[in-house]
Amino acid sequence: MKIKLFTLALLSLLIINAYPAVVSSQSSNLSIPSITYGAGEIVAANIGPTAPAITSSGGSFEVVLRSEYASVNISTAYIWSVKSVGDSLNLLNYTVSVVKVGDGTYKVTLPDNVEEGLYDLVLVGSAVWSVPRSVWVVKEWPEVIRFVENTDLHFIVGSPDPFTGDMNRFTAFTINNLLKPDFVIWLGDIADNAASAEYVMAQAYRYSYLYSIPVLSIPGNHDYSAGDIKYPKYLGPTRWYRVIADKLLIIGIFSSEQGTPSWQDLAFAEGMLKTYNHIPFKAILVHHPPFYYQGELRTWYGDEQVLKPYAPGVTTPVSSYWSNNMTALRYFLKLVEDYNVTMVLSGHVHRDFFTKYTSVRTNTTTLFLTFTTTAHGAALYNGLSLMEFNLTSGELSFPIKPPTFIGFANSTMALASNSIPIGVTYTYMNVIHSKQAYSITMVNNQQWLNLTGRILWSLPWNGTDFNAKLALNNSGLKILSHRIVGDRLFLLIELNLPYKGSADLKLYLADDLTPPEITLKSIVPKNPIVNRSTTIYLSLFDAGWGIDPLNIKVMLGNKSLTYTITPQTYTSQFNEVYLTISTTVYGKTTMTLPLTIEVRDLAGNIKIATFNVTFSASATQTITTPSPTSTPAQPPTSTASITTSTTSPMTTPTTSKPTITTTTTVTTYPTIQPPTTSIASSTTSQPPTTTTVSTTSPTPPDLTPLIAVGVVAVLLILGLALILRKPKK
């Protein structure tokens, strides 16, 4: 009988599993990791996410380990990437040769069949270390290279608040993609307080939103922290050089808090200029601009009449930063003249000015280009610049110019508007993160600029499929391809965003039909008094797509209240939000007022809660404990003297989100299983794998009814078995 029971039960289980088990990302217990997931310290000292090695198929480069890792032994290595090919995404994975050539130094050699692109380098030894976006493979350079400038990103702050900074950074990175550059340069002040968390966020944003574009970066004074420079732990070296097409030498040096490069950095620049003097064109990246001047200069490094140190009332083109060390300035300008440096690019001053410097000693011309901040407080506006450089003629051009562009024209002010402006007034783009969704908004308010092109994102993810909801207004957005590789979702997007066009994209795990929760945490003082300040603390919670921070409205009686919101940066996940409200109710008598909070989540669900708050005329009077009352997702027909609407934009804490009125489409993207990548424990090379994945896989079947039937069958069988086992009388 025991055998029969086991056999019947086994048969039932086999019936239940007649279809392969599918774990659907529609399950609400899955959670998207934070945007910083996977970001962290790198082991390499000479390459990194913002200083990739430049090589070719079959080429070699050295990896120097940071001193903390110099004693580790690397046995094998590989490079991998997701690359767009036509309308598809390909997973590329190549085993590379790695040979130790010195203490903490390894020579890495690529196979001959490596495709062009930007790769992560993975080093394997006693552990596995990844150096993301650190190998740039180029087979053939174009005659004209195209690059975008960003500077003064100041992760994770902004002006007037971090929300604005977050929007500007995301806007810049999105436009960077659309401009189709060969690479992007960052000109310093990547962080704001030189804190590890800021560099982790910079690395994470660089990986997620600039995935396929090489970045060459230098630090600035805000990346300087006495005694411990954290920049190289996360991004790459503070001074470096790279050679492009054997025609352009790029040198990056560090000008820290004092405003000028150290003598070690100047000596490094001189050494590279000597070594590569045969390279026809040369560029130097340094954060602090030597000049604070718009227009043309004809002078030379030793000219003490023109090149005077800055002081109040003194007319000079020299910036106040380099004026602190005129010896360093003249030494630097002599290098520029002697080695015929083509251009010097800088940031720091949060404004544009271009200086055309012609040496009367050497009859050479150098372009000193200083750019406005991309993401922090600016003299005129935040911005970025697109440039093209002809590797044959040495001509620098600006293919996209704002109407205010003056180039190198002389101006009575050290101020120009040469950069492409970004920001809410010009181009509004934002991403709000949550544990269930990415909510992305893009709006183009620039009449002269049509934003069109492709974007490749690499987003932290959880699950084997995803959903997309799209709302368009006078624009076009299409997801051409996607891949889920491990714990990341790769998306290839085609965007057309003309003037006044807008696009709203939601990428989510599961539908969110539940409105947020609103909780009154406390009131200080516990018994509020009229004519005195009262602080109210509220918490908002949404387990789904998250709270929409731009659609929160707080009323006390018929008065709209302002509030402080936490989190204070869009880089956080907005499932839990806290409001702090400070207010004073004026009067002579005790009064009870309704505190009404209206909250919308990012799925559009609305919750309204009202709490009665009594303000006493004197401190000795007894106060009734506030009693909350909640309303459904739709607002009531009438609520005392408070009028609410679910169709109008809400009052916002810092900025306004444009209203988008379009039809909405929802697309469910089926499962695509990524190929398995195995790492050999020995030095034996594994053949590289190149895989193309179609995005037309069928949707997995819903097994819920079948499982339910199977469970019932098992219970019936077990019951029958118990009856059969009943002893005879």
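Residues numbered from 1 in each chain as written. Predicted model: local features only at pLDDT ≥ 70, side-chain atom pairs only at ≥ 80, totals over all residues. Heavy atoms only, no water.

As for helix α3 (residues 196–209)
- Here α3 is 14 residues long and its end C-alpha atoms lie 20 Å apart, about the 20 Å a rise of 1.5 Å per residue gives.
- Within α3, twelve of the 14 residues are buried, leaving the element largely enclosed by the surrounding structure.
- Three or more residues of α3 are buried, namely Glu198, Tyr199, Val200, Met201, Ala202, Gln203, Ala204, Tyr205, Arg206, Tyr207, Ser208 and Tyr209. (Helix = DSSP H or I, 4+ residues; strand = E, 2+ residues; numbered from the N terminus. Expected span 1.5 Å × (residues − 1). Buried < 20%, exposed > 50% of the residue type's maximum accessible area, 1.4 Å probe, protein only.)

Comments concerning the confidence of the model for the chain
- Mean pLDDT over the chain works out to 85, with 81% of the residues at or above the 70 mark.
- Throughout residues 1–27 the model reports pLDDT below 50, and contacts reaching past four residues in sequence, or to other chains, amount to 37 contacts.
- In this model residues 720–729 is a low-confidence stretch, pLDDT under 50, and it forms four contacts with partners more than four residues away in sequence or in other chains. (pLDDT = per-residue confidence, 0-100. Contact = heavy atoms within 4.5 Å.)

With respect to the pattern of salt bridges
- This structure, assessed with the given rule, holds 14 salt bridges.
- A salt bridge links Glu115 to Lys83, with the nearest nitrogen and oxygen atoms 3.4 Å apart. Pair noted here: Glu115 is in the loop between β5 (105–109) and β6 (117–125) and Lys83 is in strand β3 (residues 74–85), with a separation of 32 residues, a long-range link.
- Glu115 sits in the partly exposed class, given a relative accessible area of 24%.
- For Glu494, the salt bridge identified is with Arg454, shortest N-O distance 3.4 Å. Pair noted here: Glu494 is in strand β26 (residues 488–497) and Arg454 is in strand β23 (residues 451–460), with a separation of 40 residues, a long-range link.
- What makes Arg454 partly exposed here is its relative accessible area of 32%.
- Counted as one network, the salt bridges with shared partners bring together Lys334, Glu337, Asp338 and Arg361. (Salt bridge = Lys/Arg side-chain N within 4 Å of Asp/Glu carboxyl O.)

Points about the sheet that holds strand β25 (residues 476–485)
- Taken in spatial order, the three strands of this open sheet run β23-β26-β25, and their pairing is antiparallel. Whereas interior strands pair on both sides, the edge strands pair on one side only; in this sheet they are β23 and β25. Pairwise comparison of adjacent strand axes, ignoring direction, gives a mean angle of 15° for this sheet.
- Relative to β26, β23 is paired through ten bridges, and the arrangement is antiparallel. Note that in β26 the partner of Ile455 across the bridge is Ile493.
- Running at roughly 120° to β23, helix α2 (residues 162–178) makes contact with β23 and β26 of the sheet.
- Of the strands in this sheet, β23 and β26 are in contact with α3, which crosses β23 at around 125°. (Pairing = 2+ DSSP bridges. Axes fitted to C-alpha atoms, helices over the stretch in contact; angles between N-to-C directions.)

As for the nonpolar core
- Counting residues in each nonpolar core, the largest one holds 60 residues, and the members touching the most others are Tyr209, Tyr438 and Leu507.
- At six residues, α3 tops the list of elements feeding residues into this core.
- Listed in part, the 37 residues of the second largest apolar core include Phe163, Val554, Tyr570 and Phe615. (Core = buried A, V, L, I, M, F, W, Y, C linked by side-chain atoms within 4.5 Å.)

Quick look at empty space enclosed by the protein
- Applying the stated criterion to the full structure yields four cavities of 30 Å³ or more.
- Quantified by volume, the largest cavity comes out at close to 60 Å³.
- Forming the boundary of the largest cavity are Phe147, Phe183, Ile185, Leu248, Ile250, Ala283, Leu285, Met343 and Leu345.
- Those elements giving two or more residues to the lining of the largest cavity turn out to be β9 (183–187), β12 (248–252), β13 (281–285) and β15 (343–346).
- Counted by class, the lining of the largest cavity contains nine nonpolar, no polar and no charged residues. (1 Å grid on protein atoms, 1.4 Å probe; cavity = no way out; pocket = protein on both sides within 12 Å on 5 of 7 lines; lining within 4 Å. Points joined across faces, edges and corners; volume = space filled by probe spheres on them. Nonpolar A, V, L, I, M, F, W, Y, C, P; charged D, E, K, R; others polar.)

Looking at the packing of aromatic side chains
- On inspection of all chains with the given rule, the structure shows 37 aromatic pairs.
- For the ring pair Trp136 and Trp141, a centre distance of 5.4 Å and an interplane angle of 75° mean the geometry is edge-to-face.
- Of the residues examined, Trp136 reaches a relative accessible area of 5% and is grouped as buried.
- Residue class for Trp141 comes out partly exposed when judged on its relative accessible area of 22%. (Phe/Tyr/Trp six-rings, centres within 6.5 Å; stacked < 30°, edge-to-face > 60°.)

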